[in-house]
Structures are given as C-alpha cells and as structure tokens.
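Okay, here's what each chain looks like letter by letter:
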Amino acid sequence: MNEFTNWDIFQALILAARWTVVLSLIAFLGGASVGLLLTFLQISSRTALVRIARFYVELFQGTPLLMQLFLVFFGLSLLGIDVSPWTAAALALTLFSSAFLSEIWRGCIESLPKGQWEASRCLGLSYFEIMRHIILPQALKVAVAPTVGFSVQIVKGTALASIIGFVELTKAGTMLNNATFEPFKVFGMVALIYFLLCYPLSVASRHLERKLNVTG
Amino acid sequence: MSLVNIDNVHKYYGDNHVLKGVDLKIKAGEVISIIGRSGSGKSTLLRCINGLESYDKGGITVDQMEVTSDEEQIRKLSKSVGMVFQSFNLFPHLTVSQNITLAPKLVRKVSAEEADTLALQVLEKVGLKDKASSYPQELSGGQQQRVAIARSLAMQPKVLLCDEITSALDPELVGDVLNVLEELAAEGMTLVLVTHEMNFARDVGDRVIFMHQGKIWESGDAKEVFAAPKTPELQKFIDAVL
Ligand SMILES: Nc1ncnc2c1ncn2[C@@H]1O[C@H](COP(=O)(O)OP(=O)(O)O)[C@@H](O)[C@H]1O
Ligand SMILES: [Mg+2]
C-alpha cells in the first residue's frame, strides 16, 4: 500500500525544512533587533525603562512558547486582526527570542568588570563613547558563543509552529505520517534533519567559545 | 588659590555616614599621602575629587572647576584630574598604545599622529616604550600599572589620584611603580596617593593625611607625622603597619 519511497519522504521533509530555516532566520533577526533594544533599556539608568524591559523579559521567559504562540494566533484573531500562521509564528518566536537574547546580552555586558566603566569615565569618555569603544567590543566577544548556542533553541522552537498549522519540518512529518503510517521512519528522518540543522550550530558555539576565550 | 579645594564634604551610602566633614586644600606640586584603616573613607574621598562618586554636602573644586558627577562636568574634569586604580583597569581588547591614545583623541581632540607621539612620550616616562603594541595581558602586573599611569598622564592632568596602586602587585614589582611616582613627584606633578607604603609616604610625600572614621583625624608634614603622632589612633595605626 506504500506508494512513497524513503527518498520521496526525505525529499518532502527537506523541502519543508526550508520553512523551518526561514522561520528560524526571521525569528533570530527579529529577536536580535528587539533584543538589542531591550538590552539597552535594561542597562539604562532610567528606572522606568529598566522596569518595562524587565517585565517584558520576565513575561516571555516565564511562559511557555506554545502559550505565546496561541495568544498571538488566537488572541489577535479575537481582536479582529486576522493573522496567518506564518505571521503568528514569526511574531511569537520573535517575542520569545528577543527576551532570551536580551537576557544573554545583558549578562555579557554586566559581566565586564565595573573598573572598565570607572576608568573610562575618569578619562572623560561619554556614555556612548564608553559603549562604543570599551563595553560593546568586549561584550560582543563574550556574547557570540551563547548567542549561537541559543539559535539552536530557536530552531527547535519553530517545531511548535506546526500546532497552529504552519507547514514546516514537524508539520510535514505529521502529514507524511498520516499518509504512510510509518511514524518511526518519518519522525526518525524529521529528527535527523533537526539534528543536521542544530549540530553544526552547537559545534560552532563551542568552537567560538574556546577561540574567543583564548585571545581574551 | 589651591589646585584642589575640599570644603566640609559629607558623603552617605544610605545610612552609612562615610565622610564626615572633610576639609583639605592641595597646592599645585604637592605630594599628599592618605593613610588609614580599611573602611575609613580614603577611596571614597579620592573618588569624590574627580566626580566618580557624588557627595551630599559641602563643596569640591579642582582647578577652579566645581566637581559634580554630571557627565559633562566629569568630561571637563578629566583634563585636570587623572586616576589610577588598584586593579589597573586597562582595556584588555586594546593595545597599550590604543589604551593610551583613546581618550586624548576622543576627549581632547588630539589628532591620531599627535596621540601616537604622545603615547610614546608617556610610555618612555614609565619605561615601557617597547611595549606600545603589546596587549595588557602580555604584561606583568607592574608593567600594566605603569601603562595605567601612562594612560592617565596622556590626558595631561594637573593632579593624579592613585588609590592603593601597588596593593595588587607582587612585592618585587612594587618598586618599579613607586619609582615612576617618585619621578613624577620630582617633576612637580601634584599627587594624591592612598597608600600602604609607609616608607614611601614618609620619604616622598610632602604631607600625610591620616583618615579615621570618615574624618581627617590627623595631618601634617610627612616626616613629623610619622615621627611624632599626636593622636593615639594614629599611633596605634602606625604601630600596626610598621
Ligand atoms: N559603593 C559603595 N556602596 C556602599 N557602601 C560603600 C561603597 N563604597 C564604600 N562603601 C562604604 O564606605 C566606607 C568607606 O569605604 P572606603 O572609602 O572604600 O574606605 P577605604 O578606602 O578607606 O578602605 C566603608 O564603610 C564602605 O563599606
Ligand atoms: Mg580603599
């Protein structure tokens, strides 16, 4: 009864994996942009701004990604805004990753010794000069490895978008399973493709961590 | 008029009354050593002089500029007051030369070529001309501290504040740093040193300030203060450290 060859299944999954990659990239770029803004808010000296940013970060770190996805998808529909699974997934993943990325980056900036700020201030540098020449170049080095590491979480997080009907790798797997009734084979391939996407990122993260640590 | 004028300065950290009415006038060219037990307020006083900490009452002027912790004012003050820290605080991602030229270029608007010349001048002064292109972590602690001094000097300050700058160094490296300070003193640089090096304070310093519980407890000519302390607190302190 099986009209699908293994190769057919694999090909279909790879095609669907494109959307996993695209969604991951959008979530990463969106998350990085919003996350950068949040990072600056979190380290600013305005208490109100810090509070708002902290609330945002705590909110999205403290709730499951799936709920965020549902709230965006169904919540916006309730408000009369029609969102496609695409938009909802991209938006929810952006919100989610911006919170985590900004938390990682705030940590990197705050891990630099206070003396770096003090010495810079004594030399007369302004806040922006200190950021630009002293803090960000150092924080960037520390941030690269955990940031690449977090991108693995984003890739895996896109799987949840299948639940609201977005056809990416996991959803394609579910559909193919319904057609073939060979869950072990189909989901084995799905897992393999996720692994092929994530493993290089993990390796890169570890490599960068070692490399950037040595040069100080 | 004195170069540094500290007038009845009070400072609180929350309920902790850390400076309790400090008065101090420092003339250009003077070398002042501040001694006293840990927690007596020495660092806080020093950090108030260049605006790194704010104070709650009284007034401080340096080079006839009022000291506030406002960013613009600190930027102005940075051309008159330099500071060197116990922990060096060099910028690890920049070379020695870049560490030194950054602030002159950004703050004093010195051209890149002038700044490089300036860097070599100040490095020569601290005996590290050959290290211009090294990174801080390639240097010994004593060398790093001398780079930090050079970095401050490149801003051509009128007074240099030093907070226990030899305390983090291995004993055999202390001498090099003290020699640099001694040369600066001989050239007429105004120095305010928080220090545990009592011999240095006595031999190189003009005046010694003994701080105790947030006040200037005793002060006077360096040699006299050490020879004949007037207060039992200073006597006790000297007995403990010498
Ligand atoms: N940033 C700070 N926040 C709160 N208290 C501080 C801070 N810095 C110093 N203090 C307190 O102020 C007092 C004086 O400290 P400090 O000036 O560092 O003394 P010293 O340099 O003589 O050891 C101490 O009681 C110390 O605990
Ligand atoms: Mg101190």
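All of these numbers come straight from a predicted model, not from anything done at the bench. (Residues numbered from 1 in each chain as written. Chains lettered and ligands numbered in written order. Predicted model: local features only at pLDDT ≥ 70, side-chain atom pairs only at ≥ 80, totals over all residues. Heavy atoms only, no water.)

Draft legend 1. Here's a closer look at the interface of chain A and chain B. Each partner contributes residues to the interface: chain A has 19 residues there, and chain B has 25 residues. For the pair chain A and chain B, the summed buried surface comes to about 1,900 Å²; carbon and sulfur atoms form 60% of the total. Considering only the surface of chain A that becomes buried against chain B, Arg-121, Cys-122 and Leu-123 of chain A emerge as the three largest contributors, covering 34% of it. A salt bridge links Glu-118 of chain A to Arg-47 of chain B; its shortest N-O distance comes to 2.7 Å. Counting across the interface, chain A meets chain B through eight residue pairs in polar contact (both at pLDDT 80 or more). When residues of the side of chain A that touches chain B are traced back to their parent elements, those giving at least two are α5 (114-122) and α6 (127-157) of chain A. Per-element accounting of the side of chain A that touches chain B gives the leading share, seven residues, to α5 of chain A. (Contact = heavy atoms within 4.5 Å. Buried area = accessible area lost by both parts, 1.4 Å probe. Salt bridge = Lys/Arg side-chain N within 4 Å of Asp/Glu carboxyl O. Polar contact = N/O pair within 3.5 Å; in protein donor to acceptor, adjacent residues only side chain to side chain. Helix = DSSP H or I, 4+ residues; strand = E, 2+ residues; numbered from the N terminus.)

Draft legend 2. Main features of the UniProt feature "transmembrane region" (unreviewed entry) in chain A. Residues and elements named next belong to chain A. Under the UniProt annotation, the feature "transmembrane region" (unreviewed entry) is placed at residues 20-43, 55-80, 142-166 and 186-204. Helix makes up 64% of residues 142-166 and strand 0%. Its end C-alpha atoms lie 35 Å apart. The span residues 186-204 carries 100% helix and 0% strand; its end-to-end C-alpha distance comes to 28 Å. (UniProt positions renumbered as here; feature names shortened; annotations may be inferred.)

Draft legend 3. View of the pattern of salt bridges. Summed over the entire model, instances satisfying the criterion amount to 16 salt bridges over all chains. Arg-54 of chain A serves as the salt-bridge partner of Glu-58 of chain A, at 2.6 Å between the closest nitrogen and oxygen. Remark: Arg-54 of chain A and Glu-58 of chain A occur in helix α2 (residues 47-61); sequence separation between them is four residues, near one turn of the helix. Accessibility expressed as a relative area gives 45% for Glu-58 of chain A, which makes it partly exposed. What makes Arg-54 of chain A partly exposed here is its relative accessible area of 22%. For Asp-63 of chain B, the salt bridge identified is with Lys-158 of chain B, shortest N-O distance 2.8 Å. One end of the pair, Asp-63 of chain B, is in the loop between β4 (57-62) and β5 (65-66); the other, Lys-158 of chain B, is in the loop between α5 (141-153) and β7 (159-163), with 95 residues separating them in the sequence. With a relative accessible area of 24%, Asp-63 of chain B lands in the partly exposed category. A residue is classified by how much of its surface remains accessible, and Lys-158 of chain B, at 42% relative accessible area, is partly exposed. Taken together, the shared-partner salt bridges connect Arg-54, Glu-58, Glu-103, Arg-106 and Glu-110 of chain A into one network. (Buried < 20%, exposed > 50% of the residue type's maximum accessible area, 1.4 Å probe, protein only.)

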